[in-house]
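One-letter residues, chain by chain:
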Amino acid sequence: MNYNEILEKARGLVGEVCKACPVCNGRACGNKMPGPGSKLPDNVAARNYDKWQEIFVNMDTLCPGAPVDTSFELFGKSFSAPIFVAPLGAVQMHYGKLHDDISYNGILVPAAVNYGICALTGDGVNAEVMKNAVKNMKAVGGMGIPTIKPWANEVILEKLDILNEAGVFAAAMDVDGAGLPFLKEEANADAGPKSVEQLREIVEHADMPFIVKGIMTPAGARKAIEAGAAGIVVSNHGGRVQGCTPSTAEVLPSIVKAVNGECRVFVDGGIRSGVDVYKALALGADAVLIGRPLVPFIYAAGEEGFRVYMDRLVGELRDTMTMCGTPTLKDISEDNIFMAR
């Protein structure tokens, strides 16, 4: 099946909230939660998308016709593109009954590895979700990044023991998940925001590089670095944890400046094309995460859907690199974009 055929098939498989839109821009799903929408006043998911569309690329074809190379290096491993899969949880509740988190990750993790990239997987109240994701990762050489919710530290350390024993590539925690309703409802009152000292204890317990997801300010980035994070993800959780936040595109440049090369920087939120990926790299990100748009493709066509979606995204990135005279990722800089005012 081609891209449009898969998307059409998905409309009969995803739930009542996700519409498998031609462009996942946060509008049709509105503030519907459970679902992929954003928290009232329902402006963050759409703003994430809109602000990337206010950035343009500068074409330059008066340059040597060098072959395009999208390869990306992270923590000593090489990947085919600077595009990783964002963690998603509770897919059955948010997207439809065809998959639960365990079956979804069972498709996602090997599909990403077979494509030459890496998937971050979600976490939840069901401990078997992370355990099964780790099994999927062990089956493909440990390649994957389990993303732990900001539970009480003793719970996180127990989860990290599982990851340490499995020898997974990296680990992450979405600290912005502190705003999720189900986390607040958990009996353990210590679940929620983390101090630098608490985060440092977590990072030091991990045998692998640790990534902190949910950074939205330069001060937050510096705190993550102080705690020892090897990477951060500039993310507002797709607008699902707090309304009226800036878009990730708006805050990315100041965060990159604050990081000053001391850790790797990912960004997610509203990135929907290979051109958007290029813009994020030009603003200083090392790579991007994309999550929501992939769900309909996996629901409709499994690994084939994953590959079709990624082929389109990487193809758009390659075309943009060619037309802007930047044959390698290292060639891409802020000089290659135009910011609308």
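Reference entry: report on the structure contained in this document. The model shown is predicted, which means the values in this text are computed figures rather than measured ones.

1. A word on the packing of helix 5 (residues 127-138) against helix 6 (residues 153-166)
Alright, step 1. Following both chains from N to C, one finds helix 5 and helix 6 inclined at 10°, their axes separated by 10 Å at the closest point. Here helix 6 runs roughly parallel to helix 5, going by the angle between their axes. Listed contacts from helix 6 to Met130, Lys131, Val134 and Lys138 of helix 5 are Lys159, Ile162, Leu163 and Ala166.
Alright, step 2. Class assignment for the residues of the contact of helix 5 with helix 6 results in five nonpolar, no polar and three charged.

2. A short note on the packing of helix 9 (residues 218-226) against helix 10 (residues 248-259)
Alright, step 1. For the pair helix 9 and helix 10, interaxial distance at closest approach is 8 Å and the crossing angle is 35°. For the pair helix 9 and helix 10, the crossing hand works out as right-handed. For the pair formed by helix 9 and helix 10, the contact residues are Pro218, Ala221, Arg222 and Ile225 on the first element and Ser254, Ile255, Ala258 and Val259 on the second.
Alright, step 2. Considered class by class, the residues forming the contact of helix 9 with helix 10 number six nonpolar, one polar and one charged.

3. Re the nonpolar core
Alright, step 1. The biggest cluster of nonpolar side chains holds 115 residues, and the ones touching the most others in it are Phe84, Leu160, Phe210 and Phe306.
Alright, step 2. Considering every element that reaches this core, the biggest residue donor is helix 12 (residues 294-323), with 15 residues.
Alright, step 3. With sequence-adjacent residues up to four places away left out, Phe306 is seen in contact with Val85, Leu108, Ala111, Ala112, Tyr115, Ile117, Leu294, Phe297 and Ile298.

4. Some points on helix 4 (residues 101-115)
Alright, step 1. Compared with the 21 Å implied by 1.5 Å per residue over 15 residues, the 21 Å span of helix 4 between its first and last C-alpha is a close match.
Alright, step 2. Here helix 4 has its buried residues at Asp101, Tyr104, Asn105, Leu108, Val109, Ala111, Ala112 and Tyr115.
Alright, step 3. Check the buried side of helix 4 and you find it contacts strand 4 (83-85), helix 3 (91-94), strand 5 (120-121), helix 5 and helix 12.
Alright, step 4. By the N-cap criterion, in which a side-chain oxygen at the helix start approaches the backbone nitrogen of a residue two or three places on, helix 4 is capped by Asp100, the distance to Ile102 being 3.2 Å.

5. Structural notes on the pattern of salt bridges
Alright, step 1. Counted under the stated rule, the structure contains 15 salt bridges.
Alright, step 2. Across the pair Lys213 and Asp268 runs a salt bridge whose closest N-O atoms are separated by 3.5 Å. Of the two residues, Lys213 is situated in strand 8 (residues 210-215) and Asp268 in the loop between strand 10 (264-267) and helix 11 (274-282); the sequence distance between them amounts to 55 residues.
Alright, step 3. Looking at Lys213, the relative accessible area reads 5%, which means it is buried.
Alright, step 4. On the basis of relative accessible area, Asp268 is assigned to the buried category, the value being 7%.

6. Things to note about the sheet that holds strand 8
Alright, step 1. On the basis of which strands lie adjacent, the open sheet formed by eight strands has the order 4-11-10-9-8-7-6-5 and parallel pairing. The open sheet terminates on both sides in strands that have one partner only, identified here as strand 4 and strand 5.
Alright, step 2. Running at roughly 145° to strand 8, helix 8 (residues 196-205) makes contact with strand 7 (171-174) and strand 8 of the sheet.

7. Notes on unusual backbone geometry
Alright, step 1. That bond from Leu40 to Pro41 is cis: its omega, 10°, falls within 30 degrees of zero.
Alright, step 2. Here Pro41 lies in the loop between helix 1 (3-10) and helix 2 (44-53).
Alright, step 3. Positive phi is not limited to glycine here, since Phe75 has a value of about 50°.
Alright, step 4. The topology assignment puts Phe75 in the loop between strand 2 (72-74) and strand 3 (77-79).
Alright, step 5. Phe75 sits in the partly exposed class, given a relative accessible area of 24%.
Alright, step 6. Look at Asn260: it is not a glycine, yet its phi comes out positive at around 55°.
Alright, step 7. Using a relative accessible area of 61% as the deciding quantity, one classes Asn260 as exposed.

8. What about helix 6?
Alright, step 1. Between its first and last C-alpha, helix 6 extends 20 Å over 14 residues, near the 20 Å set by a 1.5 Å rise per residue.
Alright, step 2. Where helix 6 is concerned, the buried positions are Asn153, Ile156, Leu157, Lys159, Leu160, Leu163, Asn164 and Ala166.
Alright, step 3. Considering only its buried residues, helix 6 is in contact with helix 5, strand 6 (145-148), strand 7, helix 8 and strand 8.
Alright, step 4. With its phi angle positive at about 70°, Gly167 sits one or two positions after the end of helix 6.

9. A word on the environment of Gly239
Alright, step 1. In this fold, Gly239 is placed in the loop between strand 9 (231-234) and helix 10.
Alright, step 2. According to the relative accessible area criterion, Gly239 is buried, its value standing at 0%.
Alright, step 3. Between the C-alpha atoms of Gly239 and Ile215, which are 24 residues apart in sequence, the distance is 13 Å.
Alright, step 4. Dropping the residues within four chain positions of it, Gly239 is found in contact with Ser38, Lys39, Val44 and Ala45.

10. Thoughts on the packing of aromatic side chains
Alright, step 1. Scanning the model with the defined rule gives 11 aromatic pairs in all.
Alright, step 2. With centroids separated by 4.8 Å and ring planes inclined at 50°, the aromatic side chains of Tyr3 and Phe297 adopt a geometry described as tilted. On the criterion of sequence distance, the pair formed by Tyr3 in helix 1 and Phe297 in helix 12 is long-range, its members being 294 residues apart.
Alright, step 3. Residue Phe297 is classed as buried on the basis of its relative accessible area, which comes to 2%.
Alright, step 4. Each ring, one from Phe75 and one from Phe169, has its centre 5.9 Å from the other, and the planes form 40°; the classification is tilted. Taken together, the residues span a long stretch of sequence, with Phe75 in the loop between strand 2 and strand 3 and Phe169 in the loop between helix 6 and strand 7 at a distance of 94 residues.
Alright, step 5. By way of ring pairs, the aromatic residues Phe72, Phe75, Phe79, Phe84, Phe169 and Phe266 are connected into one cluster.
Alright, step 6. A cation sits over an aromatic face here: Arg312 above Tyr3, 3.9 Å from the ring centre.

Here is what the cut-offs are and how they apply
- Every chain's residues receive numbers from 1 upward, in the order its sequence appears when written.
- Local features in this predicted model are restricted to residues whose pLDDT is 70 or higher, and side-chain atom pairs enter the listing and the counts only when it is 80 or higher, whereas totals over whole chains, interfaces and linings include all residues.
- Processing note: side-chain calculations cover all non-hydrogen atoms of the structure and skip hydrogens and water entirely.
- Only C-alpha atoms enter the line fits that serve as axes; for helices the fit covers just the stretch in contact. Angles between N-to-C directions range over 0 to 180 degrees.
- By the criteria applied, helices consist of DSSP H or I runs no shorter than four residues and strands consist of E runs no shorter than two, each listed in order from the N terminus.
- Here is the rule for angles: anything less than 35 degrees is roughly parallel, anything more than 145 is roughly antiparallel, 65 through 115 is roughly perpendicular, and the remaining ranges are oblique.
- Here, residues are in contact when the closest pair of their heavy atoms is within 4.5 Å.
- All amino acids are sorted into three groups, where Ala, Val, Leu, Ile, Met, Phe, Trp, Tyr, Cys and Pro are nonpolar, Asp, Glu, Lys and Arg are charged, and the leftover types, Gly among them, are polar.
- By convention the crossing between two helices is left-handed if the near helix lies anticlockwise of the far one by an angle smaller than a right angle, and right-handed if it lies clockwise.
- Here, the term nonpolar core denotes a set of buried Ala, Val, Leu, Ile, Met, Phe, Trp, Tyr and Cys residues that are joined through side-chain atoms within 4.5 Å.
- Remark: exposure states derive from per-residue accessible area (1.4 Å probe, protein chains only) relative to the maximum for the residue type, with buried under 20%, exposed over 50%, and partly exposed in between.
- By this rule the span expected of a helix is its residue count minus one, scaled by 1.5 Å.
- Pairing of N or O atoms within 3.5 Å defines a polar contact, subject to two protein rules: one partner must be a possible hydrogen donor and the other a possible acceptor, and residues neighboring in sequence count only if both atoms are side-chain atoms.
- Put simply, a salt bridge is a Lys or Arg side-chain nitrogen that is within 4 Å of an Asp or Glu carboxyl oxygen.
- One bridge is not enough; two strands pair if DSSP finds at least two bridges between them.
- Centres within 6.5 Å are what make two rings of Phe, Tyr or Trp a pair, Trp counting through its six-membered ring; a difference in plane orientation under 30 degrees is then read as stacked, over 60 as edge-to-face, and the rest as tilted.
- Over a ring means this: the NZ of a Lys or the CZ of an Arg is within 6 Å of the ring centre and within 35 degrees of the ring normal.

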